[in-house]
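# A look at the structure
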Amino acid sequence: MPSMPMAHNVKPVKAVPGSEPGIYRLRIELEMHGDWAVKMDIAGKVRDRVVKSMRFQPGS
Ligand SMILES: [Cu+2]
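Presented here is a report on the structure given in the accompanying data block. (Residues numbered from 1 in each chain as written. Predicted model: local features only at pLDDT ≥ 70, side-chain atom pairs only at ≥ 80, totals over all residues. Heavy atoms only, no water.)

## Overview of the overall build of the protein chain
How we decide: Under the DSSP-based scheme used, a helix requires at least four consecutive residues in state H or I and a strand at least two consecutive residues in state E, with every element numbered from the N terminus. A 1.4 Å probe rolled over the protein chains alone gives each residue an accessible area, and that area as a share of the maximum for its type sets the label: buried under 20%, exposed over 50%, partly exposed in between. When checking whether two residues touch, look at their non-hydrogen atoms; a contact exists if any pair is within 4.5 Å. Surface accessibility in these figures is a Shrake-Rupley result with a 1.4 Å probe; residues are shielded only by whichever protein chains are displayed.
Each helix and strand in the protein chain was counted, giving zero helices and four strands. In the protein chain, the order of α-helices and β-strands from amino to carboxyl end is β-β-β-β. For the C-alpha atoms alone, the extent of the protein chain along its principal axes is close to 35 × 25 × 15 Å. Across the 60 residues of the protein chain, 5% fall into the buried class. Considering only residue pairs separated by 6 or more positions, the protein chain has 25% of its internal contacts joining residues 24 or more positions apart. When the accessible surface of the protein chain is summed, it comes to about 5800 Å², and 54% of that surface belongs to carbon and sulfur atoms.

This is the structure:
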């Protein structure tokens, strides 16, 4: 959570293949709603790291 540096310790999880090629599923436990920076490490034939800002709200 960029607005609260060092306040949270979210355990990394591994994504699993979803129902279609290129779709992956995962579940993370966040301690509060708000804007989070989701860091994704991609491994395989191509390796990459993507950081995406995502907003998590009640009911979403
Ligand atoms: Cu927070």
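Read on for the rest.
## Digging into the pairing of strand S4 (residues 48-56)
Short version of the rule: Pairing between strands requires that DSSP locate at least two bridges from one strand to the other.
Pairing geometry for strand S3 (residues 34-42) and S4, over nine bridges, is antiparallel. What sits directly across from Ala37, in S4, is Ser53. Hairpin connection between S3 and S4: a loop of five residues separates the two successive antiparallel strands, and Gly44 in this loop has a positive phi of roughly 150°.

## Some points on the environment of Gly18
Relative to the elements of secondary structure, Gly18 occurs in the loop between strand S1 (16-17) and strand S2 (24-25). Setting aside residues up to four positions removed in sequence, Gly18 forms contacts with Ile23, Tyr24 and Arg25.

## Focus on the environment of Val13
Take Val13: it is sitting in the segment before S1. Counting along the chain gives 13 residues from Val13 to Leu26, while the straight-line C-alpha distance between them is 7.1 Å. With near-sequence residues (within four places) excluded, Val13 lies in contact with Leu26, Arg27 and Ile28.

## A closer look at the coordination of the copper ion
Put simply, the test is: Only nitrogen, oxygen and sulfur atoms within 2.8 Å of the metal, or 3.2 Å for Na, K and Ca, are treated as donors, and water is left out, so sites may look incomplete. Donor angles set the geometry label: tetrahedral for four donors if every angle is between 85 and 135 degrees, square planar for four and octahedral for six if opposite donors exceed 155 degrees and the others are between 65 and 115, irregular for anything else.
Looking at the copper ion, one finds its protein donor set to be Met1 (SD), Met4 (SD), His8 (NE2) and Met32 (SD), positioned 2.0 to 2.2 Å from the metal centre. For the copper ion, the four donor atoms in the first shell make angles of 102 to 126° at the metal, a pattern classed as tetrahedral. Ordering the donors of the copper ion by residue number gives the pattern M-x2-M-x3-H-x23-M. Among the residues examined, Met4 registers a relative accessible area of 32% and is labelled partly exposed.

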